[in-house]
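# Structural overview for review
Chain residues, written in single-letter form:
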Amino acid sequence: MCRWIAYSGDTIALEHYVTEPAHSLVSQSLHALQSTASTNGDGFGLGWYSHHPEPGLYRELRPAWSDENLRYLCRHIRSHLFFAHVRASTGTPVTRQNCHPFACGSWMFMHNGFVGNWSGLRRRVEELIPDELYPARTGTTDSEAIFLAMMAHGINEDPVGATERTLTVLARLLTRNGASDKLRFTSALSNGRDLYGFRYAVHDDANTLYYRQSSHGALLVSEPLDDNPSEWIEVPPNHVVVARAGCAVEILPFLERLQVAAE
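The notes below deal with the structure included here.

Cut-off values and rules
Residues numbered from 1 in each chain as written. Predicted model: local features only at pLDDT ≥ 70, side-chain atom pairs only at ≥ 80, totals over all residues. Heavy atoms only, no water. Disulfide = S-S within 2.5 Å. Buried < 20%, exposed > 50% of the residue type's maximum accessible area, 1.4 Å probe, protein only. Salt bridge = Lys/Arg side-chain N within 4 Å of Asp/Glu carboxyl O. Helix = DSSP H or I, 4+ residues; strand = E, 2+ residues; numbered from the N terminus. 1 Å grid on protein atoms, 1.4 Å probe; cavity = no way out; pocket = protein on both sides within 12 Å on 5 of 7 lines; lining within 4 Å. Points joined across faces, edges and corners; volume = space filled by probe spheres on them. Nonpolar A, V, L, I, M, F, W, Y, C, P; charged D, E, K, R; others polar.

### Observations concerning the state of the cysteines
- With the rule as written, the count across this model stands at zero disulfides.
- Lacking any disulfide linkage, Cys-2 is separated from the closest cysteine sulfur, that of Cys-99, by 9.4 Å.
- Relative accessible area serves as the criterion here: at 6%, Cys-2 is assigned to the buried category.

Shown next as structure tokens:
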């Protein structure tokens, strides 16, 4: 599984969380502690918001530990809201287009997880993407397809509701004709103002998600960046973290009824 971090708060350099901590995201690309894949070397990506409504992206095929540009970029790019992701492919090709995060308009998304039987479900999931959004489908991952389907389900008006509606349809596909295909969906979503983190699964255990809040901002991570577990709060399965500018972090139930039905 992949590893990621998402930050929202005061404007800071990306290096504070991507490269500097003892168990930074770059360190996790070599040795993750709470992942089914200890090495996450199938590419990486950065996404950040600055003076434009759409996010900036830098995505690279090489492992995060071997890109000499990464440390320079993280030292000099400053942002009030940014994503960083190191990838462990679950079967789709290792290409730049398949590296996270993904962007569409002002929205940015990244994912840790998978859709079981993706080769069998891919066509049906892609049918959820309307024609006007399909040009944004540049890769082949399940993650990007889910993101674009979320865009089509009213993400601008209700991001959490759009995600719930998309996963409800996906859960039906996973259980079609008596099937019990799996889904893991631990993801981050933002429009440059608000940050959402989801932890959810169908027929499986959800991948980990933690958060930490201070007077400077909120940080969501796949696993803690240091050896101080008391400073990190684990997000329960089937919940969403919502971090709005200037507000305390909220933890809300997410698709609990659907989870019970799937079990």
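### Points about the pattern of salt bridges
- Per the stated rule, a full pass over the model turns up 16 salt bridges.
- Residues Arg-212 and Glu-231 are paired through a salt bridge, measuring 3.4 Å at the closest nitrogen-oxygen approach. Taken together, the positions of Arg-212 in strand β9 (residues 210–214) and Glu-231 in the loop between β10 (217–221) and β11 (233–234) put the pair 19 residues apart, joining distant regions of the chain.
- Among the residues examined, Glu-231 registers a relative accessible area of 40% and is labelled partly exposed.
- What you see here is one network of salt bridges that share partners, running through Glu-60, Arg-62, Asp-67, Glu-68 and Arg-96.

### What about the layout of surface pockets?
- Considered as a void within the structure, the largest pocket measures approximately 200 Å³ in volume.
- Residue lining of the largest pocket: 17 residues in total, with Ser-8, Gly-9, Arg-244, Ala-245 and Gly-246 positioned closest to the centre.
- Among the elements of the structure, β1 (3–13), β9 and β10 are those that each provide at least two residues to the lining of the largest pocket.
- In terms of residue class, the lining of the largest pocket is built from five nonpolar, ten polar and two charged.

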